[in-house]
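Commentary on secondary and tertiary structure
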Amino acid sequence: MRVSAALAALLVTLPASAYERAQVNGNGPLLFWATREHSYQIDAQGIAGLSIQPEFDAVRRSFATWAAVSCSDLKFDEVAPARTDRHVGYVQGGTNRNLVLWRTRKCASVVPANDPCLTQGGCSNKYDCWDGDSSAIAITTTTSVTSTGEILDADIELNGAAFAFTTADGPPCPPGGPRVGCVAYDVQNTVTHEAGHTMGLGHSSDQTATMYALAPSGETSKRILHPDDVQGICAIYPKGQPTSVSPGVQPPGSAAPGGGCGSSGATSWEALLVAAALIALRRNHRARPTAAAAERTAADG
Amino acid sequence: MVRSTSMRRILVLMAASLPAAAATVRGPADVASLTASAESVLHARVVARESRWGHGGESSGLIFTRVTLQPIEWWKGAGTPSPVVLRVPGGTVGELSQTVEGVAAFSPSEEVVVFLRKLGDEAGTGVYAVEHLALGKFSVAGAPGRPAQAVRDRSHVACVGCAAGEEDALPVRDLRARVLRAARSAP
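Since we're looking at a predicted model, the values are computed, not measured.

Some thoughts on the overall build of chain B
Per the secondary structure count, chain B includes three helices and twelve strands. Burial status across chain B gives 46% buried among its 187 residues. Within chain B, counting contacts between residues at least 6 apart in sequence, those at least 24 apart form 65% of the total.

In structure tokens form, the structure reads like this:
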């Protein structure tokens, strides 16, 4: 009982954290970048029907927002927008950029019906089209080393084939109405959230967080970061300290394997807490069965 | 026992922080809306999974996982009793893994209900994609003496326009009834 009370008290006094970390295949090693400085490139094609400068600036502000976190030292160097190969994913030995691009046509509209890429996959790169779910607004594809979780490449695709992206401030755009001076699908709101994923963050259960999953139409609150987002990014990439990686994985720039951290929360303290609880559990089962039985009897009574 | 249970609860709460990452989709994603937007709705069991590069091999730059399903019952759409294939973005090929966020994940032998869009045929086998990413998949699990439950995991999907009350867990028979009702009323 004392151990339980102590653990409960410890949980109450510890800072709340709701962020999550992404993992290889959902249950493998935690995803992380090996360096604190990596680049991104906006494909210059932009999106049809919208002047490109505001949308590009919105993407830049999204990355700048993450770079401005003072308890981390992440930096994002922008490679000047250019007409790229618009190739999402990763090719070993190839030129791999961390792209941000808009797909402006659906694959179903442009790919010949007999092309095997429709069933095998790969049409998006071959035909420069949106091959994903038509309901998807944006998708982030992260390529990593299977055994360590080290991210090699991360690309953000925005579905310009089906969604009207805006950069203005204002009220939510009316459904089906004009999209001037109002917010439909805000570029900065969307990319700031997706950029968090490119860095290895998953979703937060904190409803105020930028990494929270749900968003109403016309939302702009995710343009900036909130305390839980800051806590999450600083837990992975703490300023001046090693990157947080899975147990057994060598942190970048370190000679020793990672001591480990959970997939969520404030990292090492949780691992310690779990370890303490596990030890206590074992003691309960092995060393003090009588005491446990006595408590059960008391509780039943 | 009280002590063990309490600590187990603490551990479960702490361990419940599942890994997550996400794409962003547009809602709603309630059963009726999903049924209306899907070409087919299938109750099935996973019989095989395999990840491979997209068409063209490694140069495609994209990894896909092919999930083979043995149909139990088609709830919408005139499907075949033969196995069908789902093409899901992402997966692992050797030392390279690709995480395409928010897509539905499938486990070996898992019983599922999936809302589908057909991509084409390969040698007579239908190839499909899951609608609304992970929101278009329910996992079915039962406990002895209790009706089988259909549960979906939306923790990996960001949704704009999804309602807070969209059900993510309900008895399979209720899910089936809702799908059939929605399919009948669909245009």
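Text resumes after the structure shown.
As for the overall build of chain A
Counting its secondary structure elements, chain A contains nine helices and eight strands. Of all 301 residues assigned to chain A, the portion counted as buried reaches 45%. Within chain A, counting contacts between residues at least 6 apart in sequence, those at least 24 apart form 62% of the total.

Here we look at the pairing of strand β3 (residues 63-76) of chain B
Taken together, the twelve bridges between strand β2 (residues 40-53) of chain B and β3 of chain B define a ladder with antiparallel strand orientation. Bridge pairing links Arg45 of chain B to Gln70 of chain B in β3 of chain B.

Brief notes about helix α7 (residues 227-236) of chain A
Among the ten residues that make up α7 of chain A, eight are buried, leaving the element largely enclosed by the rest of the structure. Taken together, the buried residues of α7 of chain A touch α2 (52-67) and α6 (187-198) of chain A.

Regarding helix α3 (residues 172-185) of chain B
Residue and element names in this part refer to chain B. Between its first and last C-alpha, α3 extends 20 Å over 14 residues, near the 20 Å set by a 1.5 Å rise per residue. Three or more residues of α3 are buried, namely Leu175, Val179 and Ala182. Within α3, the buried residues cover an arc of 70 degrees as seen down the axis, which keeps them to one side. Residues of α3 that are exposed and point more than 90 degrees away from the buried face comprise Arg173, Arg184 and Ser185.

What to know about the environment of Ala38 of chain B
Residue and element names in this part refer to chain B. Summarising the element assignment, Ala38 is placed in the loop between α2 (31-37) and β2. The exposure class assigned to Ala38 is buried, which follows from the 26 C-beta atoms found within 10 Å. Between the alpha carbons of Ala38 and Lys76 there is a distance of 8.4 Å; along the sequence they are 38 residues apart. If sequence neighbours within four positions are ignored, Ala38 has contacts with Lys76, Phe115, Leu116, Arg117, Glu131 and Gly136.

Here we look at the packing of α2 of chain A against α6 of chain A
Residue and element names in this part refer to chain A. At their nearest, the axes of α2 and α6 sit 8 Å apart, and the two run at 40 degrees to each other. Comparing their axes, α6 and α2 come out oblique. The two elements α2 and α6 meet at a crossing, and its hand is right-handed. Along the contact surface, α2 presents Glu55, Ala58, Val59, Arg61, Ser62, Phe63, Thr65 and Trp66, while α6 presents Val187, Gln188, Val191, Thr192 and Ala195. Counted by class, the contact of α2 with α6 contains seven nonpolar, four polar and two charged residues.

Topic: the nonpolar core
One finds Val114, Leu116, Val130, Leu133, Val157 and Cys159 of chain B to be the most contacted residues of the largest nonpolar core, which totals 100 residues. Those residues in contact with Cys159 of chain B, other than ones at most four positions away along the chain, are Ala213 and Leu214 of chain A together with Val25, Gly27, Ala29 and Leu135 of chain B.

So, how was this worked out
Residues numbered from 1 in each chain as written. Chains lettered and ligands numbered in written order. Predicted model: local features only at pLDDT ≥ 70, side-chain atom pairs only at ≥ 80, totals over all residues. Helix = DSSP H or I, 4+ residues; strand = E, 2+ residues; numbered from the N terminus. Buried ≥ 20, exposed ≤ 12 C-beta atoms within 10 Å, placed from the backbone. Contact = placed C-beta atoms within 7 Å. Pairing = 2+ DSSP bridges. Expected span 1.5 Å × (residues − 1). Arc of directions from axis to C-beta. Axes fitted to C-alpha atoms, helices over the stretch in contact; angles between N-to-C directions. Parallel < 35°, antiparallel > 145°, perpendicular 65-115°, else oblique. Left-handed = near helix turned anticlockwise from the far one by under 90°. Nonpolar A, V, L, I, M, F, W, Y, C, P; charged D, E, K, R; others polar. Core = buried A, V, L, I, M, F, W, Y, C linked by C-beta atoms within 7 Å.

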